[in-house]
Amino acid sequence: MSIAGIFEHPLGRLGPDALPFWQMLQHPTEGNIINGCVATGAASMVVIGALVMVVLLTRYRRWGVLWSDWLTSPDHKKIGIMYVAIAFVMLARALIEAVLMRAQQAFGLSGGFLSPDHFAQLFSTHGTIMIFFMAMPFLTGIINYVMPMQIGARDVSFPVLNSISLGLTAAGAGLVMVSLVIGKFSTGGWFGYPPFTEASFSPGVGPDYWIWSLTLASLGSTLTGINFAVTIYKERAPGMTLMRMPLFTWTALCTSILMIFAMPPLTVATAQLALDRYLGFHYFTNALGGNMMNFANLFWLFGHPEVYILILPSFGVFSEVISTFSGKVLYGYRSLVMATMAITVLSFTVWLHHFFTMGQNANMNAAFGIASMLIGVPTGVKIYDWMLTMFRGRVRFTVPMVYSFGFILLFVLGGMSGILLANPSVDYQVHNTVFLVAHFHNMAVPGVLFGMLVAYHFWFPKAFGFRLDERWGMVSALCWIFGFMAAFFPLYVLGVMGLPRRTVAYSEASYVPLEWVAFLGALLILVALGSLLWQLRVSIRHRDENRVAAGDPWNGRSLEWATSAPPPEYNFAVIPSVEGRDAFARAKEEGCAYQSPDTYRDIELPRNSAMGPVTGAIGFALGFGLVWHIWWLVILSFLAAVTTLIVRGFARDTTRVVPADEVRREHLRWIAAVNATTAVSRVDECRPVNDGRARYEAIGVAP
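Now for a quick tour of the structure. None of the values given here were measured: they were computed from a predicted structure.

Cut-offs and rules
Residues numbered from 1 in each chain as written. Predicted model: local features only at pLDDT ≥ 70, side-chain atom pairs only at ≥ 80, totals over all residues. Heavy atoms only, no water. 1 Å grid on protein atoms, 1.4 Å probe; cavity = no way out; pocket = protein on both sides within 12 Å on 5 of 7 lines; lining within 4 Å. Points joined across faces, edges and corners; volume = space filled by probe spheres on them. Helix = DSSP H or I, 4+ residues; strand = E, 2+ residues; numbered from the N terminus. Nonpolar A, V, L, I, M, F, W, Y, C, P; charged D, E, K, R; others polar. Buried < 20%, exposed > 50% of the residue type's maximum accessible area, 1.4 Å probe, protein only. Salt bridge = Lys/Arg side-chain N within 4 Å of Asp/Glu carboxyl O. Polar contact = N/O pair within 3.5 Å; in protein donor to acceptor, adjacent residues only side chain to side chain. Contact = heavy atoms within 4.5 Å. Expected span 1.5 Å × (residues − 1). Axes fitted to C-alpha atoms, helices over the stretch in contact; angles between N-to-C directions. Parallel < 35°, antiparallel > 145°, perpendicular 65-115°, else oblique. Left-handed = near helix turned anticlockwise from the far one by under 90°.

### Things to note about empty space enclosed by the protein
- Scanning all chains against the criterion turns up five cavities of 30 Å³ or more.
- Approximately 220 Å³ is the volume found for the largest cavity.
- As for the largest cavity, its lining consists of 22 residues, of which P246, L247, E320, Y333 and D582 are closest to the centre.
- Looking at the lining of the largest cavity, the element that brings in the most residues is helix α10 (residues 292-326), giving four residues.
- Among the residues forming the lining of the largest cavity, the class breakdown is 11 nonpolar, six polar and five charged.
- Size it by volume and the second largest cavity reaches roughly 70 Å³.
- Around the second largest cavity, the lining residues are T398, V399, P400, H457, P461, R467, L468, E470, W554 and C686.
- The set of elements that each furnish at least two residues to the lining of the second largest cavity consists of α14 (399-421) and α16 (434-464).
- A breakdown of the residues in the lining of the second largest cavity according to their chemical character gives six nonpolar, two polar and two charged.

### Some remarks on unusual backbone geometry
- Put simply, P194 and P195 share a cis peptide bond, and its omega is 10°.
- Assignment of secondary structure puts P195 in the loop between α7 (159-178) and α8 (206-234).
- In this model, A565 is joined to P566 through a cis peptide bond whose omega is -5°.
- If you trace the backbone, P566 turns up in the loop between α18 (512-541) and α19 (583-589).
- Although it is not a glycine, L288 sits at a positive phi angle of roughly 60°.
- If you trace the backbone, L288 turns up in the loop between α9 (247-279) and α10.
- Residue classification places L288 among the exposed positions, given a relative accessible area of 68%.
- One non-glycine residue with positive phi stands out, namely N571, at about 70°.
- Checked against the element boundaries, N571 lands in the loop between α18 and α19.
- Overall, the relative accessible area of 2% leaves N571 in the buried class.

### Overview of the pattern of salt bridges
- Evaluated as defined, the whole model comprises 13 salt bridges.
- Among the ionic pairs, R13 bridges to D208, the shortest N-O distance being 2.6 Å. With a gap of 195 residues between them, R13 in the loop between α1 (3-8) and α2 (22-26) and D208 in helix α8 connect regions that are remote in the sequence.
- By relative accessible area, D208 is classed as buried at 1%.

### Remarks on the side chain of S213
- In this fold, S213 is placed in helix α8.
- Note on S213: relative accessible area 0%, which makes it buried.
- At 2.8 Å, the side chain of S213 and the backbone oxygen of Y209 are in polar contact.
- At 3.2 Å, the side chain of S213 and the backbone oxygen of W210 are in polar contact.
- Among residues more than four places away in sequence, those in contact with S213 are F133, G172, L175, V176 and F185.

### Comments concerning the environment of S637
- Here S637 is to be found in helix α21 (residues 631-649).
- According to the relative accessible area criterion, S637 is buried, its value standing at 5%.
- For the pair formed by S637 and V412, sequence separation is 225 residues and the distance between their alpha carbons is 48 Å.
- Setting aside residues up to four positions removed in sequence, S637 forms contacts with I618, A621 and L622.

### Things to note about helix α5 (residues 76-106)
- Taking 1.5 Å per residue as the helical rise, α5 with its 31 residues ought to reach 45 Å, and the 44 Å between its terminal C-alpha atoms agrees with that figure.
- Counting buried positions along α5 gives 25 out of 31 residues, so the element sits mostly inside the fold.

### Quick look at the packing of α10 against α14
- The N-to-C vectors of α10 and α14 enclose an angle of 125°; their axes lie 10 Å apart at closest approach. Here α10 lies oblique to α14, going by the angle between them. Judged by the twist between their axes, the crossing of α10 over α14 is left-handed. Note on element contacts: α14 touches α10 through P400, M401, Y403, S404, F407, I408 and F411, opposite I311, F315, F318, V321, I322, F325 and S326.
- Its residues assigned to classes, the contact of α10 with α14 shows 12 nonpolar, two polar and no charged.

Fair warning: the whole summary comes from geometry, so function is off the table for now.
If you want it as C-alpha cells, here you go:
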C-alpha cells in the first residue's frame, strides 16, 4: 500500500463489520441471530471482565503495586505465578468453548444451533488456546517457580529475558482474546493447514490472528527454553550434580531442550505462511512451486515433540508428588532419568505418523509406526516406577494423590489407544473420526492438565503461604476425573461407528445417545472448573487458619521446601551445599534442616525492568496492526521495538544489593517462626494445626 493509502485508510480493513453482532443486525435470519447472540455474549464477557479488572485496580489503588511488584519484577517466582494466571484465564475460555461444541453435537442430528463457520472457529480457538495459551503457560509457570529453588539457585540465568518471554506469551494470548471481540479467529484448526489458510481460500483476518498469536508465543517459548537450559546447566548449587537433581528438574531440562529445537520449525512455518498471505509468496500454494506438505512436515516436526514438551513436566510433577505422599524414596530414579531422556530423543522420530493417511509408501509408514510404538516403552517404565514407589508406602489420599491415581488409570488407557493408532492400517480407518479426538484428549487431559493441577495444589502453599481447601479440592478432582471419562470415552465408540471429527452436524440417529453422554460429561468438567475457583475463594477467606509460614507442609524432600512460605526474593539466605539426592530430606534426617549460618553476605539481585511488559505491549500492537493491515501501527511498533532494544543496551544500573543485615534479620525471623511451630504428623497435614513444619519420620533418603 502507498503512503497516501495508509493515511486514507488509517484503520486498514477494520470496520463495523468486525463487530460480533454486525452480521446479525444486517441479515437477521434465525441462524445469524443465534450465532450473533452467542458471539456477542462471549465478547461481552471479555469486555466486562477487562472493565471489572480496571475498576477494581483503580478503586483499591493497585496500579502502582501491579506495575512495580509484578509486571516489572524479574523475580522468577512472580513471573511463574503470572504465567499460571494467564493459563487459568485461557482455560476458562477454552472450556466454555468445549461445552458449546459438545452442546452443538448433542443437537447435531437436527443441524444444531451453530453455523459451520462458527463451529469451525470454536474448535480452532479451543485447540489453539489449550495447547499454546493454557498448557504452555501453565507448565512454563510451574517450572519458573519451582526449578530454580530445586537446584539451589537465586533466579534463572537471564531474569529480564524471562520477563520478555512472559510479555510475548501474554501478547499472543491477548490477540486470541481480542479476536473474540473484533473480527473472527481462524477456521483452519489449531494446526492451520494450507491451502485452506492461504489468502485465496481464507481472505479474512482469522488465519492472520492465528499466525501472529502463535508467532509471538513460539518466540517466547524458544527464549524460555534457552533460559531454563542455561539455568540448569550453570546455576546449580555446589554438589548438585546432574544425577542428584530432582526428577522435576530433569523433566524441566528435557522440556527446555525440546523447546529449543522444536519451536523454531513452528516459527518458520508461520513466517512462511505469512509471506504467502501478505507478499504473494508461494511456499504452500497449489501452484508456482508451492508444496503444502512442506507446511505439514514443519508443523508436525514441532507438533509431536510439542506433545512431550507438554507431558514431560507433568511426569516430573507426578514423580515428586507420588514420592512425597507415599513417604518413600522415588523408586528407580536412574531408570526414570533414562526414560525421560529416551522420550526426548524419540519424540523427534515419530512426527510422520500424522501422515499415515497422506499417501507415503508402506516402508515409511512401517518405520514411523514402529517408532511410535517404541516411545511407549519408556513411558511404561515410568508408570511401573510410580506404582512401585507407592508399593508398601504410607500413601496419603490428598487432592494431589487423587489426581495422580486418576492420571495413572486414564493415561494407561489412552496409551493403549495410542498403540492402536501407531498401527498404520488401524490409523487409516479411524484417523478422521472422533476416535482420534478421544485418544488425544485421553493423553492431554489426564497427562497434562491433571499434572498441572497437581502442581498447583502441591506448590500453592509454598507460593502463597497457606494451603488450599482440601474438601473443595477433592470435589473438583472427582468432577475432573469422572467428567473427563463421561465426555471422552463415548467418543471412542462413536469413532468406531464412523462419526467424523470436526463435523458440525450428522444424519445418523444412533450417534445421539452417546453425544448426550459426552455433553453431560462436558458440563461436569465445567462444574469441576467452578469448584476449583470456589476452592480458591474459600481458601483465601480462611487463609489465616491454614498458614504454613514454616514452609514444609507436606514433609517435602527437595530444596524448595527448605525456605519460608512464601520464599524471599533471593530464595536462600545462603546457597545450600548438596551432598546427595533428596537434599532437604537428608538435612531433616541429620537434624540440620533449620540452621543459621555463621556469616551472611550481601546478595545482588537484578533491578526491576520494564522490558517485559513493554515488549509484550509492542508485540501485541505489532500483531494487531499486521492482522488488520494498519500499516502506520506496524511501522510505529517496529520503531518502538528497535528503540526499546537500544535504550536497554545503554542501561548500566541493572542490579541492586540486599544488605547482609537485612538477609540475616529475615532469615532469623523465619528460623524463630519455625522453632515456634509444632511439628505435625502426616495424619494432621491437611488440618489447621499444620503450620508448615512436618514431623520427621524415617522415610529414607536416596544415596
